[in-house]
Amino acid sequence: MDAEIRLALPDNEKYILYDVFNPSFVRGGKLNVTKIGHWNSINGYKLSTWETKIERRHDLKQLWFHTATAIPSVPKNKSFMEHLESDEYPFIDSGDKNNYRLLELVKEMFNFNFFVHRASVWGILNPNGTWKGVIGMLSRDEIDFAVPAFRWANERYSAFDHTTHSYQIQYVFMFLHPKTVHISRVYLSPFTTQVWFLILAITIAISCALRKSFWAENQINVHLTEPNESSYSNASLIVLGFVVQQGYSGNALLLSSRILTTTILIFSIVTFQFYSSSIVASLLIEAPKSIKTMRQLLNSDLICYIDEVAYIRDHIEHFNEESVIKMYNKITAHPNAFVSLDKGVELVKQGGHAFYSDGNHGYQVLEEILTDQQKCDLQEVKYVQKVPGGPGVPKKSPFRELLKIRRQAYHYYIN
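All of these numbers come straight from a predicted model, not from anything done at the bench. (Residues numbered from 1 in each chain as written. Predicted model: local features only at pLDDT ≥ 70, side-chain atom pairs only at ≥ 80, totals over all residues. Heavy atoms only, no water.)

Observations concerning the overall build of the chain
Consideration 1: Of regular secondary structure, the chain possesses 15 helices and 18 strands.
Consideration 2: Against the compact-globule benchmark of 22 Å for 415 residues, the chain has a radius of gyration of 38 Å, which places it well outside the compact range.
Consideration 3: In terms of overall dimensions, the chain has C-alpha extents of about 145 × 50 × 40 Å along its principal axes.
Consideration 4: Across the 415 residues of the chain, 43% fall into the buried class. (Helix = DSSP H or I, 4+ residues; strand = E, 2+ residues; numbered from the N terminus. Rg over C-alpha atoms; globule rule 2.2 N^0.38 Å. Buried < 20%, exposed > 50% of the residue type's maximum accessible area, 1.4 Å probe, protein only.)

Listed below in structure tokens is the structure:
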């Protein structure tokens, strides 16, 4: 396919030039000889077509090629290929579906067909240096190209050749941030414990003084038709009513009683205004987020899960950063650490759980199932920026440039 062979046949005083290639001898392709121009000693080299090599070789004559991908599970009542071609579950195995559709476009451009093989994993490096999974099939030339968008990693360069990036992945931990302040603390937080005790002491002192003042009123004016009750309970209820902004229908006769009622009234107004303002402000201000890094997430009480999709598992399994390694070991220590996207977002919605997945699609599902309040509580932790990835081909594959150029052209036209 990528051969650079030119055939020159003499024709009187010139040579007819032909482009000679075979799309794929291994897959049953036939030799193709195409005239591209002529040459003579007077006029030199003259092209009969301005098509590029890729344009001249765009028709692969319905040859059948082999590719592969790794999908751990498919929805019920659907086969592997039905799931890969279906739009019914757009957020499950979205990376593989995206690249499969791009491969379908390339297939239409170059007029070929392909079989899709299903592997168990993307790629695992064995102790003896060999690979298994889709990468193993590439390294052994069992397939002509791969569907998945492989991340670029040093250990993989000897196993296959990369084409071009076709998909960018944002790996994130998504979770509803736990409440940092309990609801009961909201109503106690405007004042410190010392201030609460001081307010209690002031109200008790004023209650006692007010009771003494009412008792003195009743002793001086014994003939009152409606005397103030001079009990501690009555005085305490009056002071409590002032504190919680309730009215007072009594009649304070002595100057001391009037001073006391005026004092408690001013005291209650100032205290209540400060308290109510603090409550309103705490409800309007967004609650502080205390989990923003991998270390903070690692030390939290959240139960974490990982998306079972191959390319998501692959990245966190091979990321060499201390906190990420500890997080992966913590997650895999409990059973059922790997779950589907649907299960993962449901756990996030329940609260108390974090889900590691591709944020490009995880957030689209969460947007549909979360309430407005839960969306406000939604938090993410990223330990790496967007990671590019692209399909791979076997080493020295003749299809590398073909896939690379056509995929880049496709991205250029849609952008």
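Remarks on the sheet that holds strand β9 (residues 150-151)
Consideration 1: Reading across the sheet, the three strands line up as β9-β17-β11 and stay open at both edges, with antiparallel pairing between neighbours. Single-partner strands in this sheet number two, and they are β9 and β11 (167-169).
Consideration 2: Summarising the sheet, β11 and strand β17 (residues 387-390) pair through three bridges and their orientation is antiparallel. Bridging from a neighbouring strand, Q168 pairs with P388 of β17. (Pairing = 2+ DSSP bridges.)

Considerations on the environment of I16
Consideration 1: Tracing the chain through its elements places I16 in strand β2 (residues 14-21).
Consideration 2: Considered as a pair, I16 and V384 are 368 residues apart in the sequence and their alpha carbons are 57 Å apart.
Consideration 3: The residues contacting I16, other than those within four sequence positions of it, are L7, A8, L9, D11, K35, G37 and H38. (Contact = heavy atoms within 4.5 Å.)

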